[in-house]
Amino acid sequence: MERVEPDFMRRTSLRKEHHHRYAVAAQIATGQVIDCACGIGYGSELLLANGKVSQYTGIDPDGSAIAYAREKFSQPAARFQRGTLERNRCKPASADTFVMFETLEHTVEPTLALSAVARVLKP
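Overview of the structure. In this text, all values refer to a predicted model and were calculated from it rather than measured experimentally.

**Concerning a positive patch on the surface**
Move 1: A surface patch of positive charge is lined by Arg70, Arg79, Arg89 and Lys91.
Move 2: Within the element layout of this structure, Arg89 appears in the loop between strand 3 (78–82) and strand 4 (97–100).
Move 3: What makes Arg89 exposed here is its relative accessible area of 59%.

Written as structure tokens, this is what we have:
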């Protein structure tokens, strides 16, 4: 499955699989978290439930997914914006944790994509 849509989250097996990934990431996430290819934004709640995460930014190229995320998962510590792994608006050295699931294999320029991750992560 390339994109988790709201209706697909009703399927228990799919929901568990995707929630498990974020639950594992939430165990180690800290500070400012960037979630690239955040889809409809459900991961924001799981990551922000970790008391060590102070801010969450979800990035996705799909405008309808971002609109859904803003509508359903908006909270003071979470924001959502359109963008891609390679071309995002995150400030250099601004993220403590960078999350991306099923993302890198969809990039046209993997080297550029990984450089973008390195640019955004704090030293």
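**Focus: the side chain of Ser44**
Move 1: Relative to the assigned elements, Ser44 resides in helix 2 (residues 43–48).
Move 2: The residues contacting Ser44, other than those within four sequence positions of it, are Tyr56, Phe73 and Phe80.

**Some details on the packing of aromatic side chains**
Move 1: What the rule picks out here adds up to three aromatic pairs.
Move 2: Ring centres of Tyr22 and Tyr42 lie 5.4 Å apart, and the angle between their planes is 80°; on these two criteria the pair is classed as edge-to-face. One end of the pair, Tyr22, is in helix 1 (residues 12–28); the other, Tyr42, is in the loop between strand 1 (31–36) and helix 2, with 20 residues separating them in the sequence.
Move 3: Relative accessible area serves as the criterion here: at 3%, Tyr22 is assigned to the buried category.
Move 4: Relative to Phe101, the ring of Tyr22 has its centre 5.0 Å away and its plane inclined at 80°; by these criteria the two rings are edge-to-face.

Calculation criteria
Residues numbered from 1 in each chain as written. Predicted model: local features only at pLDDT ≥ 70, side-chain atom pairs only at ≥ 80, totals over all residues. Heavy atoms only, no water. Patch = residues over 30% accessible without salt bridge, like charges linked within 9 Å, V, L, I, M, F, W, Y side chains within 5 Å. Areas by Shrake-Rupley, 256 points an atom, 1.4 Å probe, with all protein chains shown as cover. Salt bridge = Lys/Arg side-chain N within 4 Å of Asp/Glu carboxyl O. Lys, Arg positive; Asp, Glu negative; His and termini not counted. Charge placed at Lys NZ, Arg CZ, Asp CG, Glu CD. Helix = DSSP H or I, 4+ residues; strand = E, 2+ residues; numbered from the N terminus. Buried < 20%, exposed > 50% of the residue type's maximum accessible area, 1.4 Å probe, protein only. Contact = heavy atoms within 4.5 Å. Phe/Tyr/Trp six-rings, centres within 6.5 Å; stacked < 30°, edge-to-face > 60°.

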